[in-house]
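Summary of the model geometry
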Amino acid sequence: MKYNEALEYKKEALKKADKSVLENFHIIITPADTGESAKYIEDFSKNPDDFNDSSCKKYCSNDEYEVMSFKKETED
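Presented here is an overview of the structure given in this document. (Residues numbered from 1 in each chain as written. Predicted model: local features only at pLDDT ≥ 70, side-chain atom pairs only at ≥ 80, totals over all residues. Heavy atoms only, no water.)

1. Some details on the nonpolar core
Y3, I28, I29, Y40, F44, C56 and Y65 are the most contacted members of the largest nonpolar core, which totals 17 residues. If you list the elements that add at least two residues to this core, you get α1 (3–16), β1 (25–31), α3 (34–46) and β2 (65–71). (Core = buried A, V, L, I, M, F, W, Y, C linked by side-chain atoms within 4.5 Å. Buried < 20%, exposed > 50% of the residue type's maximum accessible area, 1.4 Å probe, protein only. Helix = DSSP H or I, 4+ residues; strand = E, 2+ residues; numbered from the N terminus.)

Below is the structure:
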């Protein structure tokens, strides 16, 4: 999907998510390309506060995106 579609999809996902999902998972927009997505997630995971929704654009070569979630790292 295009970036604007992914942004709307993410907004809906955040509205529907319950508190435990929001506390335990990152819900982000990533490039649809698997390799680009992996690189984005790797960089995002190092310091999530440095990223916003549009950060994924610089990782994407074909203007195709997806919304995904993954478990937050726990700090022990």
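So, next bit.
2. Quick look at the environment of P48
In this fold, P48 is placed in the loop between α3 and β2. Residues P48 and A17, 31 residues apart in the sequence, show an inter-C-alpha distance of 19 Å.

3. Quick word on unusual backbone geometry
Residue D63 is not a glycine yet carries a positive backbone phi of 60°. Looking at the element boundaries, D63 is found in the loop between α3 and β2. Looking at D63, the relative accessible area reads 38%, which means it is partly exposed.

4. Re the layout of surface pockets
Size it by volume and the largest pocket reaches roughly 150 Å³. Considering the residues around the largest pocket, the lining is formed by 13 residues, among which K10, I27, I28, F44 and D53 are closest to the centre. The set of elements that each furnish at least two residues to the lining of the largest pocket consists of β1 and α3. At 5 residues, the largest contribution of residues to the lining of the largest pocket is made by β1. Taken together, the residues of the lining of the largest pocket break down into 8 nonpolar, 2 polar and 3 charged. (1 Å grid on protein atoms, 1.4 Å probe; cavity = no way out; pocket = protein on both sides within 12 Å on 5 of 7 lines; lining within 4 Å. Points joined across faces, edges and corners; volume = space filled by probe spheres on them. Nonpolar A, V, L, I, M, F, W, Y, C, P; charged D, E, K, R; others polar.)

5. Observations concerning the state of the cysteines
Enumeration over the complete set of coordinates arrives at 0 disulfides. For C56, which is in no disulfide, the shortest distance to another cysteine sulfur is to C60 and amounts to 7.1 Å. (Disulfide = S-S within 2.5 Å.)

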